[in-house]
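Topology and contacts: notes
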Amino acid sequence: MIYLKKFNYKITNSTNLMAHKKIKLGVKSGIIISENQIKGKGQYGRKWISLKGNIFMSIFLNLRMKIALDEITKFNCNLIRKSLSKFTNKKITTKKPNDLLINNKKICGILQEIVKFKNKTFIIVGIGVNVAKSPFISNYPTTCMNEHTSRKLIKDDVINEIRIKFEESYSL
């Protein structure tokens, strides 16, 4: 089991970029959480729409074993899906490679990066969860967790559940 040190910010350009900075400062693992990010990015360099009340976080870890990116993507999507499933009785599905959906609407996006620094390999897992608001994306329906729960969610509860799943599931 690992321990992910929390780094909380009111605003960042991107939680993934902040994870890059922490790695370069010698931090081996952690979780970056921001209330707002102004340059969030999605897959293929697309802009991630960061609406207030939603979750913007990145988890970074030193990987000691070689594993294919598609395998770690599947593993991480399952971890996050299980975490979010704790808060709703709706079925959460994965749209390959890295989106989580409820009723065919995007609830969560995951952006992973492999980073090499000083002969070590790190994985950065950027996680955006629509908790309170659904961003408008043309040709891609979205939803938010609060539309599929019996009570209004507290962001910290969701973040902590994701953190616990990662801490329990990764061994460094």
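Here is what the cut-offs are and how they apply
Residues numbered from 1 in each chain as written. Predicted model: local features only at pLDDT ≥ 70, side-chain atom pairs only at ≥ 80, totals over all residues. Heavy atoms only, no water. Helix = DSSP H or I, 4+ residues; strand = E, 2+ residues; numbered from the N terminus. Rg over C-alpha atoms; globule rule 2.2 N^0.38 Å. Buried < 20%, exposed > 50% of the residue type's maximum accessible area, 1.4 Å probe, protein only. Contact = heavy atoms within 4.5 Å. Areas by Shrake-Rupley, 256 points an atom, 1.4 Å probe, with all protein chains shown as cover. Pairing = 2+ DSSP bridges. Axes fitted to C-alpha atoms, helices over the stretch in contact; angles between N-to-C directions. Expected span 1.5 Å × (residues − 1). Arc of directions from axis to C-beta.

**Quick look at the overall build of the protein**
Helix and strand content of the protein: three helices and seven strands. Listing the helices and strands of the protein from first to last along the sequence gives β-α-β-β-α-β-β-β-β-α. Its C-alpha atoms give the protein a radius of gyration of 15 Å, near enough to 16 Å, the size a compact globule of 172 residues would have. Overall, the protein is about 45 × 30 × 30 Å in size when its C-alpha atoms are taken along their principal axes. For the protein, buried positions account for 49% of its 172 residues. Sequence-distant contacts in the protein: of pairs separated by 6 or more residues, those separated by 24 or more amount to 67%. Accessible surface computed for the protein: about 9,500 Å², of which carbon and sulfur atoms make up 51%.

**Describing the sheet that holds strand S3 (residues 55-63)**
Ordered in space as S1-S2-S3-S7-S6-S5-S4, the seven strands form an open sheet in which the pairing is mixed. What marks the edges here is a single partner per strand, and that holds for strand S1 (5-12) and strand S4 (92-95). For this sheet, the mean angle separating the axes of adjacent strands, direction not counted, is 20°. The pairing of S4 with strand S5 (residues 99-102) spans four bridges and is antiparallel. Across the sheet, Thr 93 pairs through a bridge with Leu 101, a residue of S5. Helix H2 (residues 69-85) contacts S3, S4, S5, strand S6 (105-117) and strand S7 (120-129) of the sheet and is inclined by roughly 135° relative to S6. Here helix H3 (residues 155-169) sits on the sheet and contacts S1, strand S2 (30-37), S3 and S7; the angle it forms with S3, its principal contact strand, is near 15°.

**Points about H2**
The α-helix advances 3.6 residues per turn, and as a result positions three or four apart in sequence lie on the same side. The end-to-end C-alpha distance of H2 is 24 Å, a good match for the 24 Å that 17 residues give at a rise of 1.5 Å each. Close packing links the buried residues of H2 with S3, S4, S5, S6, S7 and H3.

**Considering helix H1 (residues 15-24)**
All of the buried residues in H1 are Thr 15, Asn 16, Met 18, Ala 19, Lys 22 and Ile 23. When H1 is viewed along its axis, its buried side chains cluster within an angular range of 155° and face the same direction. In H1, those exposed residues whose orientation departs by more than 90 degrees from the buried face are Lys 21 and Lys 24. Looking at the packing, one finds that the buried side of H1 touches S1, S2, S3, S6 and S7.

**Things to note about unusual backbone geometry**
For the peptide bond that leads from Lys 96 to Pro 97, omega is 5°, which places it in the cis range. Looking at the secondary structure, you find Pro 97 in the loop between S4 and S5. At Asn 104, a position not held by glycine, the phi torsion is positive, near 60°. Within the secondary structure, Asn 104 sits in the loop between S5 and S6. By relative accessible area, which is 62% here, Asn 104 ends up exposed. Phi at Asn 119 is positive, roughly 60°, even though this residue is not glycine. Summarising the element assignment, Asn 119 is placed in the loop between S6 and S7. Taking the relative accessible area as the measure of exposure, Asn 119 reaches 87% and is therefore exposed.

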